[in-house]
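# A structural walkthrough
So you can see what is in the structure, the chains are spelled out below.
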Amino acid sequence: MDLGIRGRTAVLSGASRGLGKACAFALAREGADVTIVARTRDILERTGAEIAEATGVKVTVVAADITTKEGRSAALVACPEPDILLNNADGPLPGDFRDWSRDDWIAALDSMMLAPIEMMRLTVDGMMTRGFGRIINIVSRSVKIPQHELGLSNGARSGLVGFVGGLARQTVARNVTVNNLLPGIFDSGAQRAHIDGMLAATGKSFDEIWRERADANPAKRYGRPPELGAYCAFLCSEHAGFITGQNLLIDGGSYPGTY
Ligand SMILES: NC(=O)c1ccc[n+]([C@@H]2O[C@H](COP(=O)([O-])OP(=O)(O)OC[C@H]3O[C@@H](n4cnc5c(N)ncnc54)[C@H](OP(=O)(O)O)[C@@H]3O)[C@@H](O)[C@H]2O)c1
């Protein structure tokens, strides 16, 4: 299937590693030029070179923190009129809400809710004027299945999906869609950091927890980042203009409900 996005421009934050990188790769394979944003320059540059060499598209790298005004501005200087926007950044570490300060909550909101909303504010009107836009937020299954140890994610990400539910219905008539991807367990950096954060409380080894989490999933494995990248690329395709405002699980069937 030709996704019809050859020559489109995409700006993706959190795209030097893991799920964001997989999305950048998938879009680049379809011929979209990609601007990738992350904070650690050397890893970002390596990823940029890898994508450019494998796909031949134009790849621009922006070393910046997307949770800051300066970072968002740098991303959009590099890609002023994106057709595709992927919002992604670090998730929170596990913990007990009794230990979290107001500053912890503000940082979580900045990363998981306010930065994506600001990037949408800065790009959505241009997309509507041009008659094409695809916005994807990498969120988490935590908005459908509260994760006991991830209160910051349960809370802040729910704010984002609540906002998107309203926005998505106001842009789709101009062929601008907004959807949220809800990963379950994936074999990428955030999963490893999450398990590292559970070691002290459980007294288990990393490998034990890693295996237990895979065994508890109906697919008996972790998701592979390219699987999420391909889903993202389809949602960004010309064929996906009638899909908007959706919270789309990609979790090996771990969400236990029928609907
Ligand atoms: N993996 C899973 O199983 C899973 C499940 C549910 C939800 N999620 C969520 O999905 C997201 C991605 O997870 P992942 O496993 O792909 O993580 P990852 O492998 O650690 O990659 C995170 C990427 O985001 C970049 N990044 C982080 N904070 C940033 C910031 N403030 N500004 C710009 N770039 C930033 C990182 O680069 P720098 O550090 O260099 O900036 C890196 O490129 C996270 O929010 C995570 O919580 C993951």
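Above: the structure in question.
Let me begin by describing the structure that accompanies this report. Only a predicted model underlies this, so the values are computations on that prediction, with no experimental measurement involved.

The rules we used
Residues numbered from 1 in each chain as written. Predicted model: local features only at pLDDT ≥ 70, side-chain atom pairs only at ≥ 80, totals over all residues. Heavy atoms only, no water. Helix = DSSP H or I, 4+ residues; strand = E, 2+ residues; numbered from the N terminus. Contact = heavy atoms within 4.5 Å. Polar contact = N/O pair within 3.5 Å; in protein donor to acceptor, adjacent residues only side chain to side chain. Buried < 20%, exposed > 50% of the residue type's maximum accessible area, 1.4 Å probe, protein only. Pairing = 2+ DSSP bridges. Axes fitted to C-alpha atoms, helices over the stretch in contact; angles between N-to-C directions. Left-handed = near helix turned anticlockwise from the far one by under 90°. Nonpolar A, V, L, I, M, F, W, Y, C, P; charged D, E, K, R; others polar.

## With respect to the environment of aspartate 187
Positionally, aspartate 187 belongs in the loop between strand E6 (176-183) and helix H6 (189-196). The sequence separation of aspartate 187 and glycine 95 amounts to 92 residues, and the corresponding C-alpha distance is 21 Å. The contact partners of aspartate 187, leaving out residues within four places of it in the chain, are Arg192, Trp210, Tyr222, Gly223 and Pro225. A distance of 2.6 Å separates polar atoms of two side chains, one belonging to aspartate 187 and the other to arginine 192.

## Quick look at the pairing of E6
Across the 8 residues that make up E6, a large majority, 8, are buried. Across the two faces of E6 the burial is the same, with Val176, Val178, Asn180 and Leu182 and Thr177, Asn179, Leu181 and Pro183 all buried. Inspection of the sheet shows strand E5 (residues 133-138) paired to E6 by 6 bridges, in the parallel sense. When the sheet's bridge partners are listed, glycine 133 is paired in E6 with valine 176.

## Describing the packing of helix H3 (residues 69-78) against helix H4 (residues 102-130)
The angle between the axes and the distance between the axes are what describe a pair of packed helices. At a minimum axis distance of 11 Å, the contact between H3 and H4 shows a crossing angle of 35 degrees. At the point where H3 passes H4, the crossing takes the right-handed sense. In this structure, H3 contributes Arg72, Ala75 and Leu76 to the contact, and H4 contributes Ala115, Glu118, Met119, Leu122 and Thr123. Grouping the constituent residues of the contact of H3 with H4 by class yields 5 nonpolar, 1 polar and 2 charged.

## Quick notes on unusual backbone geometry
In this structure, asparagine 175 is a non-glycine residue whose phi angle is positive, near 65 degrees. Relative to the assigned elements, asparagine 175 resides in the loop between helix H5 (151-171) and E6. Its relative accessible area of 25% is what places asparagine 175 among the partly exposed residues. We note that lysine 220 has phi near 60 degrees; this positive angle belongs to a residue other than glycine. Structurally, the position occupied by lysine 220 is in the loop between helix H8 (206-215) and helix H9 (225-235). On the basis of relative accessibility, which here comes to 54%, the residue lysine 220 falls in the exposed class.

## Regarding the sheet that holds E6
In sheet architecture, strand pairing relies on hydrogen bonds along the backbone and comes in two forms, parallel and antiparallel. The strand order E3-E2-E1-E4-E5-E6-E7 describes an open sheet built from 7 strands, whose pairing is parallel. Lying at the two open borders of the sheet, with one neighbouring strand each, are strand E3 (59-63) and strand E7 (247-250). Strand-to-strand twist in this sheet, taken as the mean axis angle between neighbours without regard to direction, amounts to 15 degrees. Together, strand E4 (84-87), E5 and E6 form the strand contacts of H4, whose direction differs from that of E4 by roughly 170 degrees.

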